[in-house]
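Inside the fold
Single-letter residue listing:
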Amino acid sequence: SVTQSREMNPRRSPSHSSNLARSAGVAVLWSLTAPSVVAAQELLTQVHVITRHGSRYPLRKDASDLSESTPGTLTAFGEKQMYDLGLWIHETYAANSTDPAAFLQSFASFSMRLESSSLERTIVSANSLALGLFAGEARDPTLESLLPVVPANVPVYTHDMVNDIYMRAFDKCPELHDRLQALYLSDEWQQLETENDQFLAQLAETTYFQPYANQNGIVPLEQIWNVYDTIFVAKTECSEGHEDLATCQSISDGVDLARNVLTDEQWVKVMDLAHQAELMKYGPKTADKLIGINLIQEIVHRMMGGGIGLNDDNGNQEIEFSLFSAHYATILGVFSALDKTFFSQEVIPHYAAALIFEVTERSDTAQRFFKLTYKGDDRPNSRAVSIDLSNICGNSLICPVSSLQQFLGAWSVERWCNECANEGANQCLTGQDGSGKEVTPPAVVNDNDDDDEYPAEFGFILGLIVGAIGVVVTFFVQRRFYKKLLEEQKNQAQNNIPPAHYDDSQMQHNNDGVNGGVGGVPLEEAPNVPPSPLPAQLVSRATSAVSSDESPATNDEVVVDPVDVERELI
């Protein structure tokens, strides 16, 4: 009962109960009027994708400087691979976005950027990916296209080959090439080659691989990639059921290369050696940051809200989506720049592989984080996996973008130019890096031990002085010449030489030796009288009778006042 309750709880009284009721009422009122507390959310704001191109024709590569001697154009199957990757990106990020109407649902040129190295296989790969990523209406929401078909029609931007220090830094870096030469002579490399010399000798006996053999009768380890690529392309293009495709038939002995040249065991051995060799070439120990640092710095710039290019804020328009259609060496170089050894047993990324930087922003603090995801290829069983980032911020899955900035440190385009000893790219020649800092030019050796330095302004002033002196000298020389000529003509007039009568037509030809002459007389008949170089107005004055108080002129005389002539010339 209430009485028993009060007895059992002597501290409770009617006044106490009323106080509880009032407190409860206040709590209810506060809950209705106070602002609601919402848990902070991480919203997906940016996606930046680095891809390897799709399947292509065989490519021969020079192991010393990584240059290519065959075009390696994209195949129809390669186009399909990149198209499927575009579909996957749309399904993964656009369909699952917290704001589907705003993210990757339509193409916006001011906030999306598709870039490629300037090679056919990467440019067409980017175009193919765009077809899968953006439906026709995504590029043309009003459906006003006048084309008979509705392609994605998304622009793809490229760099000049010599200036592409972002996606193809690996063949723009002489320092890296020197490191490769040192690697090929290292004990580690030589040991791997010695352990497999019998197998490498078997490859040299195969007709297809004899061009890669050396004088010792083996395919050296630095050429194993060319062997690998020849077979890998054939197996990709001429797989079961694809034998009749034009791309397979266009590859010389494609089916034979795919199935009969090597046994399955030998092919596994080739793959294993190729992956080991490429890891040694492009891993952190050799490549360090030389291949991937410039591209990562550009991506970080965009992560922090910058526009296109470190030197261009694009009107402060944030980039929501970036595609960098590149190469497997680009992807491996990015891993090395992040001080990470490639985690997969298949070190060489497959065609249509993608390394993805996902950027999120906390709704309460606006702090930005990034996650790194790798999708190995377009195969159905190839799943995207998260890359461990614990070496950057201590967290295995997600890191603040600011931590990545601190991890990269003072690296810049300026430092890359100096570290790589690149003297060909415009970014290095002009002394401008992405942030606008000037690259210090190499010191010029002065063989004359002359320490005097003349600024550019001194040279400019000296040039003006020399030019002015030249003008003055020319003026006085011409003046002296004309005075002498006028004196000769005056003497001729005083000696009763017939006056020279010129009309306009004769003035135009007085030096051509055909119609010219003095007073209409051919030059050969008056060899001692030079053609007059006087202006026409002075000649007209000279041919008129000019009277003088002291010496009246006759019709046979020409009187020219040298002072008047000089005044006219001046």
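Before any of the text, the structure's been laid out above.
Residues numbered from 1 in each chain as written. Predicted model: local features only at pLDDT ≥ 70, side-chain atom pairs only at ≥ 80, totals over all residues. Heavy atoms only, no water.

Moving on to the overall build of the chain. From N to C terminus, the chain includes 22 helices and ten strands. Relative to its full complement of 570 residues, the chain shows a buried share of 41%. In the chain, 67% of the contacts between residues at least 6 apart in sequence involve partners at least 24 apart. Counting every atom, the chain has about 30700 Å² of accessible surface; 52% of that belongs to carbon and sulfur. (Helix = DSSP H or I, 4+ residues; strand = E, 2+ residues; numbered from the N terminus. Buried < 20%, exposed > 50% of the residue type's maximum accessible area, 1.4 Å probe, protein only. Contact = heavy atoms within 4.5 Å. Areas by Shrake-Rupley, 256 points an atom, 1.4 Å probe, with all protein chains shown as cover.)

All chains considered together, the criterion is met by ten aromatic pairs. Aromatic pair Phe107 and Phe134: ring centres 5.5 Å apart, planes at 75°, arrangement edge-to-face. Of the two residues, Phe107 sits in the loop between α3 (76-94) and β2 (112-116) while Phe134 sits in the loop between α4 (120-133) and α5 (136-139), which places them 27 residues apart along the sequence. Both residues of the pair, Phe107 and Phe134, count as buried. Measuring from centroid to centroid gives 6.1 Å for Phe335 and Tyr374, while their planes differ by 75°, and the two rings are edge-to-face. With Phe335 in helix α14 (residues 328-337) and Tyr374 in strand β6 (residues 368-375), this pair connects stretches of sequence that are 39 residues apart. (Phe/Tyr/Trp six-rings, centres within 6.5 Å; stacked < 30°, edge-to-face > 60°.)

Membership of the largest hydrophobic core comes to 91 residues, with the highest contact counts inside it found for Ile50, Leu203, Phe209, Phe370 and Trp416. Per-element tally for this core: the top contributor is helix α9 (residues 224-237), with eight residues. Ignoring sequence-local partners within four residues, the contact set of Trp416 consists of Ile165, Ala169, Lys172, Cys173, Leu290, Ile293, Asn294, Trp411, Ala421, Asn422 and Cys428. Counting 26 residues, the second-largest nonpolar core is a separate cluster that includes Leu85, Leu133, Ala138 and Leu323. (Core = buried A, V, L, I, M, F, W, Y, C linked by side-chain atoms within 4.5 Å.)

Looking now at helix α12 (residues 264-282). Here α12 is 19 residues long and its end C-alpha atoms lie 27 Å apart, about the 27 Å a rise of 1.5 Å per residue gives. Structurally, α12 contributes buried residues whose contacts are with α6 (174-184), α7 (187-195), α8 (197-205), α9 and α14. (Expected span 1.5 Å × (residues − 1).)

Following the criterion strictly, the structure yields four disulfides and no others. Between the sulfur atoms of Cys393 and its disulfide partner Cys399 the distance amounts to 1.8 Å. Between Cys393 and Cys399, the disulfide has an S-S torsion of -80° and is therefore left-handed. Overall, Cys393 belongs to the partly exposed group, its relative accessible area being 28%. Owing to a relative accessible area of 0%, Cys399 belongs among the buried residues under this scheme. Here the disulfide map of the chain reads 1-7, 2-3, 4-5, 6-8, the bonded cysteines being numbered as they appear in the sequence. (Disulfide = S-S within 2.5 Å.)

The next point concerns the pairing of strand β5 (residues 354-362). Of all nine residues making up β5, seven are buried, and the element is well covered by its neighbours. As judged from the nine bridges shared by strand β1 (residues 42-52) and β5, these two strands associate in the antiparallel manner. When the bridges of β5 are listed, Leu43 appears paired with Glu361. In this structure, β5 lies alongside β6, joined through eight bridges in antiparallel fashion. Across the sheet, residue Glu358 finds its bridge partner in β6, namely Lys371. Counting the residues that bridge the hairpin from β5 to β6 gives five residues, and of these Ala366 lies at a positive phi of roughly 65°. (Pairing = 2+ DSSP bridges.)

Non-glycine residue Leu104 carries a positive phi angle of around 60°. Summarising the element assignment, Leu104 is placed in the loop between α3 and β2. Classification of Leu104 by relative accessible area gives buried; the value is 0%.

Attention now moves to the pairing of β1. Burial of β1 is extensive: eight of the eleven residues sit out of reach of the surface. Here β1 pairs with strand β4 (residues 321-326) via six bridges, running parallel. Paired with Ile50 across the bridge in β4 is Phe324.

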